Amino acid sequence: MGFRCGIVGLPNVGKSTLFNALTATAAAAAANYPFCTIEPNVGRVPVPDARLDKLAELGKSQRVVPTQLEFVDIAGLVRGASKGEGLGNQFLGHIREVDAIAHVLRCFENGDIVHVEGSIDPIRDAETVETELMLADMESLEKRLPNLQKKAKTGDKESTAQIDVIEPILTALRDGKAARTFVATAEQREIVRQLQLLTSKPVLYVCNVEEASADKGNSLSAKVAEMAARQGATSVVISAAIEAEISQLSSAEERSSFLESMGLKETGLARVIQAGYSLLGLLTFFTVGPKEARAWTVHAGAKAPEAAGVIHTDFERGFIAAETIGFADYVACGGEQGAKEAGKARTEGRDYKVADGDVFLFRFNV
């Protein structure tokens, strides 16, 4: 389990170039005209995690299996998409299917690459996309509400519960606020999820800058960071052009040397993943053995049986216990045996909440 992240934005902001770089494929046809991506392209990429390599070394594992992240390159949106303009209906439908939105914003000047709005203004571009998503959500909720109100008058409790969620969200949308600003109770979260609202999805703003600004960004990306902070969202700086170059390098040594020459410590992919994990509240646990060392992903707050179920449903169904070693202890003690001898191995039960970096061996009986 990783997460499914939709790459969205206006035409010609670098979505497909970024997608190609991230997945190291030419599946998305990056071209200098709107709508070059008509059907969503899906790419699965391994999540880089230096901890996994260290665990594999200590565990003398024959192979290393990272967790996977799925990117979906979605057709460019234009004004009027909520009313079907351009490829609006397809665009909105594809967004409903992702867990989070990576909103690519053009933060670079280049006279050779046309902008659909005629000028470079990432804040305006962000507002254009967000407005179309809010309009689509408003239309969806306004269609649902009358029928629910009729049912509620007959005493239908389920309809009343849905109305208690829909009405305040509609009020927020009409005030220009996204559905994600609605603070749902624990009972209401499932209702919100079932509504499949476009603006309820968490957003990561990806500032696509010129190569010279790939490290610290520029004045345009700084404005996006301020906007994201006001919204309680996240932003990252990335140069799609640099990522495209990195994707063509075949060895880790070449990539490391190239990054160093550009004054960068890590790839843009790594930054996007880290921000995405934080955005969705995800964490990683590991399993280590002579055959393989593998990384797995669960939501923060997940308990041991749920983590076991990510590996196999039988593990969750027949869960007995989880033999657990923290990553730092595993490394400090030189592996599983050393951790056990040092008293750093623990046996955890059903109520144990998974911590990021846990190394597990699950005991189960089916």
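To keep things clear, this report deals only with the structure shown in the data block. (Residues numbered from 1 in each chain as written. Predicted model: local features only at pLDDT ≥ 70, side-chain atom pairs only at ≥ 80, totals over all residues. Heavy atoms only, no water.)

A few words on the sheet that holds strand E4 (residues 68-73). Taken in spatial order, the 6 strands of this open sheet run E2-E4-E1-E5-E6-E7, and their pairing is mixed. Only two strands of the sheet have a single partner each, and these edge strands are strand E2 (41-46) and strand E7 (234-238). Looking at each pair of strands side by side, their axes are set apart by 25° on average, direction ignored. The strands that helix H4 (residues 122-153) touches are strand E5 (100-106) and strand E6 (203-208); relative to E5, the one it contacts most, it runs at about 145°. Across the face of the sheet, helix H7 (residues 219-231) comes into contact with E5, E6 and E7 while running at roughly 175° to E6. (Pairing = 2+ DSSP bridges. Helix = DSSP H or I, 4+ residues; strand = E, 2+ residues; numbered from the N terminus. Axes fitted to C-alpha atoms, helices over the stretch in contact; angles between N-to-C directions. Contact = heavy atoms within 4.5 Å.)

Quick look at the nonpolar core now. Ranked by internal contacts, the top residues of the largest apolar core, which has 52 residues, are Phe71, Tyr205, Val206 and Val224. Top contributing element to this core by residue count: helix H10 (residues 268-280), with 6 residues. Each residue touching Tyr205, except ones within four places of it in the same chain, is listed here: His103, Leu105, Ala126, Val224, Met227, Ala228, Gln231, Ala233, Thr234, Ser235 and Val236. Among the nonpolar cores identified, the runner-up in size contains 18 residues, and Leu141, Ile169, Ala184 and Leu195 belong to it. (Core = buried A, V, L, I, M, F, W, Y, C linked by side-chain atoms within 4.5 Å. Buried < 20%, exposed > 50% of the residue type's maximum accessible area, 1.4 Å probe, protein only.)

The next point concerns unusual backbone geometry. One non-glycine residue, Lys60, adopts positive backbone phi at about 50°. Structurally, Lys60 is set in the loop between helix H2 (50-59) and strand E3 (63-65). In the Ramachandran plot, Gln196 falls in the positive-phi region, its phi being about 50° despite a non-glycine side chain.

Overall, the coordinates contain 0 disulfides when judged by the stated rule. A disulfide-free cysteine, Cys207 has its sulfur positioned 4.3 Å from the sulfur of Cys107, the nearest such atom. Residue class for Cys207 comes out buried when judged on its relative accessible area of 1%. (Disulfide = S-S within 2.5 Å.)

Everything listed here is a matter of geometry and, on its own, says nothing about what the molecule does.
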